[in-house]
2 protein chains.
Amino acid sequence: MSEEKNEVFSIFEEMEKYGHEQIIFNYDKATGLKAIIGIHDTTLGPALGGCRMWNYETEQDAIIDVMRLSRGMTYKCAISNVMCGGGKTVIIGDSKKDKSDEMFQALGTFVETLKGRFWTGTDVGTVGMDFVSAHKQTNFVNGLPVEYGGSGNSGIITAFGVYRGMKATAKEAFGTDALRGLTVAVQGLGKVGQVLVGHLLDEGAKVVAADISEENVRKVKEAHPEVEIVKPEEILGVTCDILSPNALGAVINDQTIPSLKCKAICGAANNQLLEPRHGKKLFEMGIVYAPDYVVNAGGLIAVADEFQGFRKERAFKNAGLIYETLEQIYKVSREEKLPPHTVADLYVEKKLETIARLQTKYTGRK
Amino acid sequence: MSEEKNEVFSIFEEMEKYGHEQIIFNYDKATGLKAIIGIHDTTLGPALGGCRMWNYETEQDAIIDVMRLSRGMTYKCAISNVMCGGGKTVIIGDSKKDKSDEMFQALGTFVETLKGRFWTGTDVGTVGMDFVSAHKQTNFVNGLPVEYGGSGNSGIITAFGVYRGMKATAKEAFGTDALRGLTVAVQGLGKVGQVLVGHLLDEGAKVVAADISEENVRKVKEAHPEVEIVKPEEILGVTCDILSPNALGAVINDQTIPSLKCKAICGAANNQLLEPRHGKKLFEMGIVYAPDYVVNAGGLIAVADEFQGFRKERAFKNAGLIYETLEQIYKVSREEKLPPHTVADLYVEKKLETIARLQTKYTGRK
């Protein structure tokens, strides 16, 4: 009996386990839009999170994804000193075939129903122009293209944040934050990886890189002929000082860990650890792992800056503070003998708990 | 393969089938509240619908219930000329054990997040004081007790609406709307049935009645000794002119239809037809069936009146119009040779479609 019961997926059970506030199913008859909005935690402010469009195999996959991603945004906001909560949207559909201006307008009307409790923008499968459509129906969108008054392409500031995070990580691993002379293996040369490579070369690092897209590789080779290109399947095993995953998630797992030949890991990819225990393993091996959601917060920091009227200089200054945040995390990690990703998680949970308690005390139940 | 797939319950499939706009899962960590808000259709205005608290066996049962009930509210509002859409909330829990002031405050905070897109109040398992709690966190509640500024107990106005509907139904079945001399079998002597019995006796009808609660039976016998009481299992088969179901749903089904000895059916119970085909069967048998959601709209009409500042006289006047609405429905039913419940459904669907088209034209997608 109990085994059978465990097989039934329950949304409320998941919400209870991870503390989600609301999971909102939105359906628009006219355009066929099927979007789920996940609002994980609004203790710190309105929920912020992009909109992913993906051809999920099952509805359950979509629900699990939006819950996982919205929860991730809570952590990313809290550790980045962005006064926002964690949210996310997923649209079930093929981003190559099923998109229309009307569909994103319909998304906009649903986002509008939440009256600013949730803000969204681009993510995997969506682009700035989709939110220009959504914006016709709601103001609660971020990261619009620059010509529409938004902060635009977030790749540049994200790469800057990764670069700053890498310097803090180098300091922890090698005693100095100078990257000169270090070898950095960069996995992924997309809109973040491309820009990151430039920062690394400017500072005199040696860069080994790989990407599954030949187009991306060609672009980087053209701009920076000194970059050594290896095959995508080789990059995680390259002998280097710092490995920088900027593509897939879950790259740190039981299969890859034995082949790692790096002393530190710092990159923009989301959910680099397949499971938390893999971060513990890195810690035991003496590999300094920079928690991904600390490192890749540049894009979030840029869209959050829009709440104050976007100023590029301020956004870059705040993204630069990823250095100082990591310094603190590494310090506690050393003192408490805890892996850095655990330190970051505990910091976030403590912060939310404290603020939630204060809110209940001063503005909560009557 | 396809058979296996059919077994998986999909929220979006149900939304697509019935045209729901939003299904919102709300979880409150502090009180353990698990509430689902269903917003079926807001073409006519903000969604309106009570809050049911029930110990659902599975989460899926709760989802199906909130979808079915919120859809019913759309139809009830549209046919009653209430400019509201259809919504509903269900709370998963035992209304005898799991309630607290804090839990309904938590519900209030979630209702508040929708900023007036959804209004709620009492239903099965909840009472006025629960919404006095919710009201501490949101204004978007209706039907508060009179001493808290609401329209209070809806049983009286609902019974008045049923009485008016019964007169229109008598006119259709017997050529005159006078109830004098008719025998009415009343199933259920709760807060609606009790009051209805008074109206019927006042007009000189003979009343046969039943209730599973001995307390309810005793009360009615005390007030009206002339009422003939039968056993609950006998009431549907009583020889009578009009049967008035005011208790359970699904009382018109394959088992009960052969034993019916009435010429018309008119009562306040929700979802009296197990399936639409059972209404078709009544029509073929020459039994006049007053569509339940037309007849029992008195409570809705009262809470909707609160939007204009509740005035009892106006609310009763509008509930009285259930007579005229049914007259129209029966007229079309005769002309088009369609069962009355089908006429009502088609009227609602046509109305929503027309208004939705106008809205798209003048205020919709840009």
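In this text, all values refer to a predicted model and were calculated from it rather than measured experimentally.

Our next topic: the relation of the copies chain A and chain B. With an RMSD of 0.1 Å, the operation that places chain A on chain B is a rotation of 180 degrees combined with a shift of 0.1 Å along the axis. Expressed as an axis order, the relation between the two copies is that of a two-fold axis. The C-alpha atom lying nearest the rotation axis in chain A is that of A:Ile24; the distance is 2.1 Å. Of all interface residues in chain A, 100% are interface residues in chain B too; the two copies therefore contact each other through one and the same surface.

All names here are of chain B. Note on placement: Thr-74 falls in helix α3 (residues 59-79). Every residue in contact with Thr-74, bar those within four places of it in the chain, is listed here: His-40, Asp-41, Gly-85, Gly-86 and Leu-352. Of note is the side chain of Thr-74, whose polar atom sits 2.7 Å from the side chain of His-40.

All names here are of chain A. On domain assignment, one finds that chain A holds domain 1 (3-75 + 83-150) and domain 2 (155-350). Each of domain 1 and domain 2 has a C-alpha centre, and the two are 26 Å apart. In this complex, domain 1 contributes eleven residues to the contact, which on the side of domain 2 involves ten residues. Interface area for domain 1 against domain 2, summed over the two sides, is near 940 Å², with a carbon-plus-sulfur share of 67%. Contact with domain 2 buries surface across domain 1, with Leu-48, Tyr-75 and Asn-142 losing the most and accounting together for 52% of the total. Across the domain 1-domain 2 interface, the total number found is two residue pairs in polar contact (both at pLDDT 80 or more). Here the side of domain 1 that touches domain 2 gets three residues from one element, more than from any other, and that element is helix α3 (residues 59-79). Residue composition of the side of domain 1 that touches domain 2, grouped by class: seven nonpolar, three polar and one charged.

With that settled, the discussion passes to helix α9 (residues 276-285) of chain B. All names here are of chain B. For α9, every residue scored as buried is listed here: His-278, Gly-279 and Leu-282. The arc that holds the buried residues of α9, viewed along the axis, is 105 degrees, so those residues lie on one side. Residues Pro-276 and Glu-284 are exposed on α9 and point more than 90 degrees away from its buried face.

So, about the interface of chain A and chain B. When the parts come together, some accessible area is lost, and that loss is often what is quoted as the size of the interface. If you look at the interface, chain A gives 40 residues, while chain B gives 40 residues. Approximately 3300 Å² of surface area, both sides summed, lies buried where chain A meets chain B, with 53% of it carried by carbon and sulfur atoms. The interface formed by chain A and chain B contains two salt bridges. Listing elements by their share of the side of chain A that touches chain B, those giving two or more residues are α2 (11-18), β1 (22-28), β2 (33-41) and α4 (101-113) of chain A.

Looking along a regular strand, one sees the side chains alternate between the two faces of the sheet. Residues and elements named next belong to chain A. Sheet topology note: the strand β4 (residues 51-54)/strand β5 (residues 85-92) ladder contains four bridges and is parallel. Each residue of the ladder has a partner; that of Met-53, found in β5, is Ile-91. Remark: the β4/α3/β5 crossover connection has right-handed handedness.

Conventions adopted
Residues numbered from 1 in each chain as written. Chains lettered and ligands numbered in written order. Predicted model: local features only at pLDDT ≥ 70, side-chain atom pairs only at ≥ 80, totals over all residues. Heavy atoms only, no water. Least-squares fit on C-alpha atoms with pLDDT ≥ 70 in both. Contact = heavy atoms within 4.5 Å. Helix = DSSP H or I, 4+ residues; strand = E, 2+ residues; numbered from the N terminus. Polar contact = N/O pair within 3.5 Å; in protein donor to acceptor, adjacent residues only side chain to side chain. Domains from an automatic or database assignment. Buried area = accessible area lost by both parts, 1.4 Å probe. Nonpolar A, V, L, I, M, F, W, Y, C, P; charged D, E, K, R; others polar. Buried < 20%, exposed > 50% of the residue type's maximum accessible area, 1.4 Å probe, protein only. Arc of directions from axis to C-beta. Salt bridge = Lys/Arg side-chain N within 4 Å of Asp/Glu carboxyl O. Pairing = 2+ DSSP bridges. Right-handed = clockwise from strand over helix to strand, strands pointing away.

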